[in-house]
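Chain and residue survey
One-letter residues, chain by chain:
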Amino acid sequence: MALYNDKVMDHFMNPRNVGEIENPDGSGTYGSPVCGDMMMITIKVDNDVITDAKFKTFGCGSAIASSSMATEMIIGKTIDEALAITNKDIVDELGGLPAIKLHCSVLADHAIKCAIYDYAQKNGKTYAGLEGFDPNADDDDEEAIEQ
Amino acid sequence: MRQVYLDYSATTPVKKEVLDAMLPYFTEHFGNPSSIYGIGLESKDAITNARTQVAKLINADPAEVFFDAGGTESDNWAVFGIADALKDKGNHIITTKIEHHAMLHSCEFLEKHGYDVTYLGIGPDGRIKLDELEAAITDKTILISVMMVNNEIGTIQPIKEIGAIAKKHGIVFHTDAVQALGNVPIDVKDMGIDLMSMSSHKIYGPKGIGALYIRRGVKISNYLHGGAQENKRRAGTENLPGIIGFGKAAELAGENFAEHVKHCSELRNYLIDEVLKRIPNVKVNGSMEYRHPGNANLTFEYIEGEAMLLMLDAKGISVSTGSACSSTSLVPSHVLSALGIPVEQIHGTLRFTIGDFTTKEDIDYVVECLSEIVGTLRGVSSVNSKKGW
Ligand SMILES: Cc1ncc(COP(=O)(O)O)c(C=O)c1O
Ligand code: FES
């Protein structure tokens, strides 16, 4: 039996939106201390809509697949919609991850928030979805992992 | 698609000669070795022959070889058997940080039951320091257990010197030789070994069978209790086909030893040279001088091992990794940690182990695929040689 389902494997083997946007409107990096993975995401925002997103990730297959899926999910969404995306949504969209790999999806969800936070800071904006969010908190604790 | 298996330290395929030797013992020669009629006695004779084959490979007397269920049982038996037999003498055990979990978890269990365990560290070459070993000895020390060859980095420990220290202090010396058997010369007498763990499935024999060498005169308690098999030392109806297979595999390992070592080390060196030539930012872990002939343990910086493993698997290549991400516990390799490799680099570590069926074309294919895969993953990675970690 394969470790990951076909969809996860597809996003891992052929990741979408790999790279770094030049002069991004927001950028965020998030690393999980649990196993030393790290995701960097850059976004372009136009009129509160995320028009482009690119990522770079150091991590396992599921970290790369989650990153790829997360960028696909936020492109074309408003900031508020993007902020509402949870790691569970990413996992569901991927058709599931092995239980031990769920924390890799938290990485993507946090990195998105970091990039939006950066955008909000630079543009003096506030979003309900960012309330209480601290980009420097490295809390990859069990609570944060849904499902 | 081409299939390349480079994980011979995980397990090996059973050789045809070994399988052929085993097969009759499933069907016509199925008799219980404890029965005293014809087919029982035949089984008993076959076991005696296998015991002699294994003994010969390590220069032991056949009566000092006790068949059991493999490396894990042998390690458990050695630790618990000595802890019990010598409990009036002391409660201190010396081992290393880089042992197999069969040893480490057995020691941790004993720690919960009143025993003290010293875990020796290793130097940058992967070897323990003899002065540290000697300094750790107390009047309560009952066992020194140091593996002969490490399963991840392939480092060979100074076993003969350790044996001499143990003897000087009158302490029982056990070594886990699961990875060493058939790969490095073993002479239990010359090396001063009291107890030694062996496993068949690492030397082209079947799984679930192994042996503990117990030097004549060593006081050790039984671990499995029941019938009078194995000269009353290890109960349970013998795994007859397994024992026959292990014996045959040991015989072949002895006959092919020089050729096997030459074949594996040449291909291993070729693999390492080609990788270092073609792929930047790669490090070799552990000593090259004191090393298992088939082992290459390499760190590919800025990428993660499970991801490499999956991409290699998609190309038909089987290797293993020390990365936490691919372990069920999400803990990075304890061996690479003991070697002082930073966690982020342990993530990018792959172990390649070469065996008798590996060819030069296999290595060429692996290097080709590796350089492509490493390039791809580095392109995706958020860390690189310019940015650093
Ligand atoms: C060094 C070492 N000790 C013990 C074992 C366990 O042996 P077995 O698989 O026969 O239980 C292994 C196998 O992985 C090993 O490499
Ligand atoms: S990055 Fe380590 S388990 Fe996913």
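These numbers were taken from a predicted model, which means no experiment stands behind them.

So, helix α2 (residues 61-74) of chain A
A rise of 1.5 Å per residue sets the reference length of α2(A), with its 14 residues, at 20 Å; its end C-alpha atoms lie 20 Å apart and thus fit the reference within 8%. Where burial is concerned, most of α2(A) is hidden: 13 out of the 14 residues are buried.

Digging into the packing of aromatic side chains
All names here are of chain B. Evaluation of the coordinates by the stated rule reveals eight aromatic pairs over all chains. Aromatic pair phenylalanine 80 and phenylalanine 109: ring centres 5.6 Å apart, planes at 90 degrees, arrangement edge-to-face. Taken as a pair, phenylalanine 80 in helix α3 (residues 71-85) and phenylalanine 109 in helix α4 (residues 101-111) lie far apart in primary sequence, 29 residues in all. Taken together, the ring pairs connect Tyr5, Tyr8, Tyr204 and Phe357 into an aromatic cluster. The aromatic ring of tyrosine 204 is capped on one face by lysine 15, whose charged end is 4.3 Å from the ring centroid.

Structural notes on the sheet that holds strand β4 (residues 116-120) of chain B
Residue and element names in this part refer to chain B. Reading across the sheet, the seven strands line up as β2-β8-β7-β6-β5-β3-β4 and stay open at both edges, with mixed pairing between neighbours. Two strands lie at the open edges of the sheet, namely β2 (65-68) and β4, each paired on one side alone. Neighbouring strand axes in the sheet, compared pairwise and without regard to direction, differ in orientation by 20 degrees on average. Judged from the five bridges that link them, strand β7 (residues 195-199) and strand β8 (residues 210-214) form a sheet pairing that is antiparallel. In the strand pairing of β8, serine 197 is matched with leucine 212. Strand contacts of α4: β3 (92-96), β4, β5 (141-145) and β6 (172-176), with the helix running at about 145 degrees to β4, the strand carrying the most contacts. Against the sheet, helix α6 (residues 159-168) makes contact with β5 and β6, and its axis sits at roughly 160 degrees relative to β6, the strand it touches most.

Points about the environment of Ser43(B)
Note on placement: Ser43(B) falls in helix α2 (residues 38-58). In this structure, Ser43(B) is in contact with His29(B), Phe30(B), Gly31(B), Pro33(B) and Leu240(B), ignoring residues within four places of it in sequence.

Some points on the pattern of salt bridges
The final tally for this structure, using the stated rule, is 26 salt bridges over all chains. Residue Asp362(B) pairs with Arg2(B) through a salt bridge whose shortest N-O separation is 3.0 Å. Here the residue Asp362(B) occupies a position in helix α14 (residues 360-380), and Arg2(B) occupies one in the segment before β1 (4-5), the gap between them amounting to 360 residues. With relative accessibility at 35%, the residue Arg2(B) sits in the partly exposed group. Taken together, the shared-partner salt bridges connect Asp10(A), Arg16(A) and Glu72(A) into one network.

Topic: helix α11 (residues 305-314) of chain B
Residue and element names in this part refer to chain B. In terms of burial, α11 is a largely internal element, seven of the ten residues being buried. Gly305, Glu306, Ala307, Met308, Leu310, Met311 and Leu312 are the residues of α11 that are buried. If you check the start of α11, you find a side-chain oxygen 2.8 Å away from the backbone N of glutamate 306, and it comes from glutamate 304. Of the residues one or two after α11, glycine 316 is the one with positive phi, at around 80 degrees.

A look at the sheet that holds strand β13 (residues 349-353) of chain B
All names here are of chain B. Read across the open sheet, the four strands follow the order β9-β10-β13-β12; overall the sheet is antiparallel. Two strands in the sheet have a free side with no partner beyond their single neighbour: β9 (282-284) and β12 (320-321). Sheet topology note: the strand β10 (residues 295-300)/β13 ladder contains five bridges and is antiparallel. The residue bridging leucine 298 from the neighbouring strand is leucine 350, located in β13. Where helix α10 (residues 257-278) meets the sheet, it contacts β9, β10 and β13, and its direction lies at approximately 15 degrees from that of β10.

Remarks on the domain arrangement of chain B
Often, the extent of an interface is quoted as the loss of accessible area upon association of its parts. Residue and element names in this part refer to chain B. Each assigned domain of chain B is listed with its residue range as follows: domain 1 (16-255) and domain 2 (257-380). Of note, the centres of domain 1 and domain 2, computed from C-alpha atoms alone, are 28 Å apart. In this complex, domain 1 contributes 28 residues to the contact, which on the side of domain 2 involves 22 residues. Together, Glu152, Ile153 and Tyr204 form the three largest contributors to the area buried by domain 1 at its contact with domain 2, with a combined 33%. Our enumeration of links across domain 1 and domain 2 arrives at zero salt bridges. Inspection of the domain 1/domain 2 interface yields 14 residue pairs in polar contact (both at pLDDT 80 or more).

What to know about the site of ligand 1
All names here are of chain B. Thr72, Asp176, Gln179, Ser199 and Lys202 are the nearest of the 13 residues found near ligand 1. Within the side chain of aspartate 176, a nitrogen or oxygen atom sits 2.6 Å from a nitrogen atom of ligand 1. When isolated, ligand 1 has an accessible area of 390 Å², and the protein chains bury 85% of it. In the shell around ligand 1, the residues fall into two nonpolar, eight polar and three charged.

Rules and cut-offs
- Residues numbered from 1 in each chain as written.
- Chains lettered and ligands numbered in written order.
- Predicted model: local features only at pLDDT ≥ 70, side-chain atom pairs only at ≥ 80, totals over all residues.
- Heavy atoms only, no water.
- Helix = DSSP H or I, 4+ residues; strand = E, 2+ residues; numbered from the N terminus.
- Expected span 1.5 Å × (residues − 1).
- Buried < 20%, exposed > 50% of the residue type's maximum accessible area, 1.4 Å probe, protein only.
- Phe/Tyr/Trp six-rings, centres within 6.5 Å; stacked < 30°, edge-to-face > 60°.
- Lys NZ or Arg CZ within 6 Å of the ring centre and 35° of its normal.
- Pairing = 2+ DSSP bridges.
- Axes fitted to C-alpha atoms, helices over the stretch in contact; angles between N-to-C directions.
- Contact = heavy atoms within 4.5 Å.
- Salt bridge = Lys/Arg side-chain N within 4 Å of Asp/Glu carboxyl O.
- Polar contact = N/O pair within 3.5 Å; in protein donor to acceptor, adjacent residues only side chain to side chain.
- Domains from an automatic or database assignment.
- Buried area = accessible area lost by both parts, 1.4 Å probe.
- Near = heavy atom within 4 Å.
- Areas by Shrake-Rupley, 256 points an atom, 1.4 Å probe, with all protein chains shown as cover.
- Nonpolar A, V, L, I, M, F, W, Y, C, P; charged D, E, K, R; others polar.

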